[in-house]
Amino acid sequence: MGGTALDEEEMLLCQRYDIPFLKKPFVAEELLSALEAITLSGGSSRSAVG
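Residues numbered from 1 in each chain as written. Predicted model: local features only at pLDDT ≥ 70, side-chain atom pairs only at ≥ 80, totals over all residues. Heavy atoms only, no water.

S.K.: Could you clarify how one ought to interpret a nonpolar patch on the surface in this entry?
M.R.: Where nonpolar side chains cluster on the molecular surface, the patch consists of Leu13, Tyr17 and Ile19 and spans about 280 Å² of accessible area. Within the secondary structure, Leu13 is located in helix α1 (residues 8-16). Owing to a relative accessible area of 38%, Leu13 belongs among the partly exposed residues under this scheme. (Patch = residues over 30% accessible without salt bridge, like charges linked within 9 Å, V, L, I, M, F, W, Y side chains within 5 Å. Areas by Shrake-Rupley, 256 points an atom, 1.4 Å probe, with all protein chains shown as cover. Salt bridge = Lys/Arg side-chain N within 4 Å of Asp/Glu carboxyl O. Helix = DSSP H or I, 4+ residues; strand = E, 2+ residues; numbered from the N terminus. Buried < 20%, exposed > 50% of the residue type's maximum accessible area, 1.4 Å probe, protein only.)

S.K.: I keep staring at unusual backbone geometry and nothing clicks. Help me out?
M.R.: For residues other than glycine, phi is negative in most cases, and the peptide bonds are mostly trans. One non-glycine residue, Asp18, adopts positive backbone phi at about 55°. As for its position among the elements, Asp18 is in the loop between α1 and α2 (28-40).

S.K.: Explain the environment of Ile38 to me, please; I cannot follow it from the model alone.
M.R.: On the secondary structure map, Ile38 appears in helix α2. C-alpha of Ile38 to C-alpha of Pro20: the two residues are 18 residues apart in sequence and 9.2 Å apart in space.

S.K.: Would you take a moment to explain the environment of Thr4 for this structure?
M.R.: Mapping Thr4 onto the fold places it in the segment before α1. Once the C-alpha coordinates of Thr4 and Lys24 are considered, the two residues, 20 residues apart in sequence, prove to be 9.4 Å apart.

S.K.: Even after reading the chapter, I still don't get α2, so can you show me in this structure?
M.R.: Between its terminal C-alpha atoms α2 stretches 18 Å, which fits the 18 Å expected from 13 residues at 1.5 Å a residue. Gly42, located one to two residues past α2, shows a positive phi value of around 80°. (Expected span 1.5 Å × (residues − 1).)

S.K.: Quick question: what am I supposed to make of the confidence of the model for the protein chain here?
M.R.: Close inspection of predicted coordinates is inappropriate in any region flagged by low pLDDT. Looking at the protein chain, pLDDT values average 76 and 78% of them are 70 or higher. Scored below 50 in pLDDT, residues 44-50 makes 24 contacts in the model with residues more than four places away or belonging to other chains. (pLDDT = per-residue confidence, 0-100. Contact = heavy atoms within 4.5 Å.)

Rendered as structure tokens:
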């Protein structure tokens, strides 16, 4: 987790490869949902918040 912003190309790569990202400020529920989705998918980042 970092405080830097993604440029458009980086955001598209995250979407293409289903890499979850949260924009700051985010609420704890968004983080917990992303972690839960990763856990339920067997460790893959697919279907997490993005």
